[in-house]
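Observations on the three-dimensional arrangement
Now for the letters of each chain:
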Amino acid sequence: GAGVSQSPSNKVTEKGKDVELRCDPISGHTALYWYRQRLGQGLEFLIYFQGNSAPDKSGLPSDRFSAERTGESVSTLTIQRTQQEDSAVYLCASSLWGTPNTDTQYFGPGTRLTVL
Amino acid sequence: RKEVEQDPGPFNVPEGATVAFNCTYSNSASQSFFWYRQDCRKEPKLLMSVYSSGNEDGRFTAQLNRASQYISLLIRDSKLSDSATYLCGLYSSASKIIFGSGTRLSIRP
């Protein structure tokens with residue numbers, strides 16, 4: 001079956017521009033996560049969506065970052081006025097229920113963002 | 001102290017060797033732990049979940065030591081294809097997984 005997909009796979013932008021990254025979770029998965037991974041670093045949690053609940057935005061690094069999710073489907077991560085330190089791979093993951101003790105997160109291939 | 005810490009490595013071992021590395025965590029309330037494998041420029045993929053004392057899958061064994069707050073990953077009879085970065089993760093709160101920075105493993109012929 002189809003896994004998590006993300007687009008674009010690569011994005012090069014100029015400092016100060018806005019970018020929008022897209023994530024299509026596995027069909028039927030109610031939970032969706034965004035992570036950031038800088039070169040040679042681990043995964044940094046950004047935001048979590050679960051069904052119709054209010055998203056957990058505790059990992060968003062600044063107010064330039066925002067994310068939306070339409071129902072239990074597509075999510076978009078928007079970065080406004082991009083800075084060079086935003087350069088990273090942005091990974092999306094989804095899981096069936098978002099329940100800690102039984103769930104598994106499946107990751108998409110990521111979007112590699114380069115801010116010049 | 002970081003919530004999840006890993007030795008970055010690299011661990012460089014010969015094919016066929018046994019290798020183990022640890023992941024320490026600071027939140028004693030954590031219940032669910034994970035080992036993910038990440039190949040270069042690829043997304044992480046789940047290797048093993050650990051919900052109790054440990055888990056074993058073929059050549060891979062994960063052990064949880066709650067008293068000392070660490071989980072370990074042991075790889076027996078290592079293969080060239082085991083070369084990757086191994087990420088440790090745990091559920092921090094609600095449904096948020098916190099990951100370590102990863103341990104790089106390189107298996108040489």
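The structure contained in this document is the topic of the report that follows. Just so we're clear, the structure is a prediction, and the values are computed from it rather than from any experiment. (Residues numbered from 1 in each chain as written. Chains lettered and ligands numbered in written order. Predicted model: local features only at pLDDT ≥ 70, side-chain atom pairs only at ≥ 80, totals over all residues. Heavy atoms only, no water.)

Further remarks concern the layout of surface pockets. One number sums up the size of the largest pocket: a volume of about 730 Å³. A total of four residues in the lining of the largest pocket trace back to one element, the largest contributor, which is strand β10 (residues 111-115) of chain A. Along the lines of polarity and charge, the residues of the lining of the largest pocket split into nine nonpolar, 14 polar and seven charged. What the second largest pocket holds in volume is close to 220 Å³. The wall of the second largest pocket is formed by 14 residues, among which Gln41(A), Gly42(A), Leu43(A), Glu44(A) and Ser101(B) lie closest to the centre. Its residues assigned to classes, the lining of the second largest pocket comprises four nonpolar, five polar and five charged. (1 Å grid on protein atoms, 1.4 Å probe; cavity = no way out; pocket = protein on both sides within 12 Å on 5 of 7 lines; lining within 4 Å. Points joined across faces, edges and corners; volume = space filled by probe spheres on them. Helix = DSSP H or I, 4+ residues; strand = E, 2+ residues; numbered from the N terminus. Nonpolar A, V, L, I, M, F, W, Y, C, P; charged D, E, K, R; others polar.)

Next up on the list: the interface of chain B and chain A. Interface size is commonly expressed as the accessible surface area that is lost when the partners come together. In this assembly, 19 residues from chain B lie in contact with 23 residues from chain A. Here chain B and chain A share an interface that buries about 1700 Å² over both sides, 49% of which is from carbon and sulfur atoms. Our enumeration of links across chain B and chain A arrives at zero salt bridges. One can count two residue pairs in polar contact (both at pLDDT 80 or more) joining chain B with chain A. Those elements that provide at least two residues to the side of chain B that touches chain A are β4 (33-38), β9 (84-93) and β10 (96-99) of chain B. A per-class count over the side of chain B that touches chain A returns 10 nonpolar, six polar and three charged. (Contact = heavy atoms within 4.5 Å. Buried area = accessible area lost by both parts, 1.4 Å probe. Salt bridge = Lys/Arg side-chain N within 4 Å of Asp/Glu carboxyl O. Polar contact = N/O pair within 3.5 Å; in protein donor to acceptor, adjacent residues only side chain to side chain.)

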